[in-house]
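Read off the chains here:
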2 protein chains.
Amino acid sequence: MANLSDVARKAGVSVTTVSRFLNGSLSLPEARAQQIRDAVSELRYVPNPHARRLSRGRSDAIGLVVPDIAGPFFAKLVAAVEEEADRRGLGLVLHATLNRPAREVRYLDSLRMRHLDGMIFVTNRAADAALLDAVRSCRHLVLLDEDVPGADVPKVFCDNEAGGRMAGSHLAAMGHRSVLFVGGASEMISGRRRYRGFEQELQRIADGPVRIERVLGPYTPETGRDAARHYLQMDPRPTAIFASSDDIVIGLIEVLRDALITIPDDVSLIGFDDVGPLHLFAPPITAIRQPVRELGGRALGIVLDTLRNDTGEPAPTEELLPVTLVERASVAPPAGRSNAAVNRRASP
Amino acid sequence: MANLSDVARKAGVSVTTVSRFLNGSLSLPEARAQQIRDAVSELRYVPNPHARRLSRGRSDAIGLVVPDIAGPFFAKLVAAVEEEADRRGLGLVLHATLNRPAREVRYLDSLRMRHLDGMIFVTNRAADAALLDAVRSCRHLVLLDEDVPGADVPKVFCDNEAGGRMAGSHLAAMGHRSVLFVGGASEMISGRRRYRGFEQELQRIADGPVRIERVLGPYTPETGRDAARHYLQMDPRPTAIFASSDDIVIGLIEVLRDALITIPDDVSLIGFDDVGPLHLFAPPITAIRQPVRELGGRALGIVLDTLRNDTGEPAPTEELLPVTLVERASVAPPAGRSNAAVNRRASP
DNA sequence: GTGCGCTTGTAAAACGCTTTACCGAGGGTG
DNA sequence: CACCCTCGGTAAAGCGTTTTACAAGCGCAC
């Protein structure tokens, strides 16, 4: 495998000249330039990336750490980041934490040790002091999707509060006054904000007494199953459920179906994320859609900005990307209350 | 940031000694060892990975290239490989080809240029000469899930033919004699083998005339939609459909539902992959399940074997991992033919 | 003709590690 | 006593770039 000095020898110049020419920091008269280009192609020279990285002190690769890869939300996120990284000629090294604190810290360390130029970090659990410390001591890090409160690094989230408001307003407009909110643990910003927006708008539109019960837990099918079991024991039962993730929807449907509860006749259901094939479920599930692709792209963009513009430490921003309501067939007016003010969609 | 010579100075020994001690190629009397350990922890020394890689000529990272990341099958595959790589202390650099030939070749080049120690490669399209060339010239490469015929590298597939047989035997046992096979383009080994096993076993069990129609195409929802449209125009219509991927199932259901065809009353459906939430569809879909986790783990294992045992070039193997039939509620005896020999499962 | 600055280079020092080749001392063996 | 081996350790040569510091040649203004 040819190296720089082979090229230099063949072209009859020094390695420095070749290196600088190839990196564009030296312009040569056409004759010389062509000699070098010829040597490169004859020798099929390709710079050794390890040497280059050692010399330059950077790796042209960024890290992406997510709690999990297999689920549809993170899978789409990873895909979005990978695509954007590739477009910019960056490598992407991928890590899954499986929500284990030790791993989160370990991967952050690998950023601090300069294995990587930058990192996009998404966590899924309530942050603790160790994580906060680790995050704080990192440069070129951006937090995505979920907060680590107190960390002064750039952050990119979807507009969770607006999403909550959309869900609340949709349910309220359909006539629901008693709902079950099932969502993320309240120490997590996404959960808190979704709930806040939801409650606010539900109250505002309902313009009368509303009842909101809550089941909290991680964004997993298990939380959905728990919530469904709780729902089954409630009396009276709420007329609608706001599930704040796709996975929660999945668990919910599983046990609701077994209990012969039908959606939306017995209870309305609205989800959050909208990355899985929710449109194929029975019935197709109405949900708040997160802009996954934009989330990933924007996060990468910010990492690169902090790389370029290393001076001046720009004020860490918190960016909110807009969500949208995707109406399908899982939300209807409450049973026994045929709300004429509402244009009910047919469920297949 | 401390480096090796700082540690050596502090411990009062030479860099060589520290390096060899730290890498386990030198064992020292306890006193010396402790001096070095102390120096390391006082200085918070961590070896510079770029330097180490340059020096050793390897990166302790392997590549994983897949056609796409966002879909559930590849997402699960990526997750499996990542987990296994992490367990072994290896980095994972991820690339998506989006089925673009140029990208496939480019990523293979990056393996040949020694950017990475090894690579797991999964393609999704019929191979061409350029791809074959690229694959052939790579070392420490393993092909996963889909073949590049003619390449003499290790390969890991699921047992597609056995999966086909299972589907065929299941449908035949239920009484189906006229079926629609929708599957991968026939230049692709997975498609060919699934079909071969399917046809073989269907014929064998049916023990009489059977009719198999085929719709071929990539493993995408669009192929499923095409197939469904084709199905709707057939006369007489087949009584069962074998869709050889989850994505095909999704497309199929979409248009079948719109056409008010119900499963399994009007037509039985059996899928392949079983990685999405098929159990939540209406009805839950019976499918052949691929051992995704094992596939990923095994592929990585083989890459590492070729790394360790670089001499002797062991005969490239083709390993087949077993699939299983997961019975749900989308297969029933053909309408109007209440087959008493069959224990029909209730569909919810 | 001296000094200045631009062009076209070059030599050599990092970058931080691994690894090869050696070497002295101590201890057993014949 | 000569010999050989092992243990504990060292010096130095890579690994393949980038980058800094410097220089020869040359035109040009003063």
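Scoring rules and cut-offs
Residues numbered from 1 in each chain as written. Chains lettered and ligands numbered in written order. Predicted model: local features only at pLDDT ≥ 70, side-chain atom pairs only at ≥ 80, totals over all residues. Heavy atoms only, no water. Helix = DSSP H or I, 4+ residues; strand = E, 2+ residues; numbered from the N terminus. Expected span 1.5 Å × (residues − 1). Contact = heavy atoms within 4.5 Å. Polar contact = N/O pair within 3.5 Å; in protein donor to acceptor, adjacent residues only side chain to side chain. Near = heavy atom within 4 Å. Nonpolar A, V, L, I, M, F, W, Y, C, P; charged D, E, K, R; others polar. Buried < 20%, exposed > 50% of the residue type's maximum accessible area, 1.4 Å probe, protein only. Pairing = 2+ DSSP bridges. Right-handed = clockwise from strand over helix to strand, strands pointing away. Least-squares fit on C-alpha atoms with pLDDT ≥ 70 in both. Axes fitted to C-alpha atoms, helices over the stretch in contact; angles between N-to-C directions.

## A short note on helix α11 (residues 246-258) of chain B
At 3.6 residues per turn, the α-helix brings residues three or four places apart onto the same side.
Residues and elements named next belong to chain B.
Phase 1: Taking 1.5 Å of rise per residue, 13 residues should cover 18 Å, and α11 covers 19 Å from first to last C-alpha, within 8% of that figure.
Phase 2: Among the structural elements, β6 (178-183), α10 (221-233), β8 (240-243) and β9 (268-273) are those in contact with the buried residues of α11.
Phase 3: Sitting at the amino-terminal end of α11 is Ser245, which places a side-chain oxygen 3.2 Å from the backbone nitrogen of Asp247.
Phase 4: In the stretch just after α11, Leu260 is the one whose phi turns positive, near 65°.

## Comments concerning the protein's contact with DNA strand D
Phase 1: The environment of DNA strand D is formed by 25 residues, the closest being A:Leu4, A:Ser19, A:Ser55, B:Thr17 and B:Arg32.
Phase 2: Protein-adjacent atoms of DNA strand D, using a 4 Å cutoff, are sugar or phosphate at a proportion of 55%.
Phase 3: A distance of 3.4 Å separates a base oxygen of DNA strand D from a polar atom in the side chain of A:Thr16.
Phase 4: One of the side-chain N or O atoms of A:Tyr45 is found 2.9 Å from a sugar or linking oxygen in DNA strand D.
Phase 5: The set of elements that each furnish at least two residues to the surface near DNA strand D consists of α2 (15-22) and α4 (49-56) of chain A together with α2 (15-22) and α4 (49-56) of chain B.
Phase 6: A per-element tally of the surface near DNA strand D places α4(A) first, with 4 residues.
Phase 7: For the surface near DNA strand D, the per-class residue count stands at 9 nonpolar, 11 polar and 5 charged.

## Concerning the pairing of β6(B)
Residues and elements named next belong to chain B.
Phase 1: The buried fraction of β6 is high, at 6 of 6 residues.
Phase 2: Burial along β6 is two-sided: the residues Ser178, Leu180 and Val182 and Val179, Phe181 and Gly183 are all buried.
Phase 3: Pairing of β6 with strand β7 (residues 211-216), which is carried by 6 bridges, proceeds in the parallel orientation. Paired with Phe181 across the strands is Arg214, a residue of β7.
Phase 4: Note on the crossover from β6 through helix α9 (residues 189-206) to β7: the handedness is right-handed.
Phase 5: The pairing of β6 with β8 spans 4 bridges and is classified as parallel. Looking across to β8, one finds that Phe181 is bridged to Phe242.

## Here's the deal with the relation of the copies chain B and chain A
Phase 1: It takes a turn of 180° to lay chain B on chain A, together with a shift of 0.1 Å along the axis; the resulting RMSD is 0.3 Å. Taken together, these values place the two copies in the relation of a two-fold axis.
Phase 2: Interface overlap between copies is the fraction of interface residues in one copy that are interface residues in the other; for chain B against chain A it reaches 97%, indicating a shared surface.

## Topic: the sheet that holds strand β8 (residues 240-243) of chain A
Residue and element names in this part refer to chain A.
Phase 1: The mixed open sheet is built from 6 strands, whose spatial order is β7-β6-β8-β9-β10-β12. Of all strands in the sheet, those with a lone pairing partner are β7 (211-216) and β12 (324-326), marking the two edges. Averaged over all pairs of adjacent strands, the angle between strand axes in this sheet comes to 20°, irrespective of strand direction.
Phase 2: Those strands touched by helix α11 (residues 246-258) are β6 (178-183), β8 and β9 (268-273), and its axis lies near 150° from that of β9.

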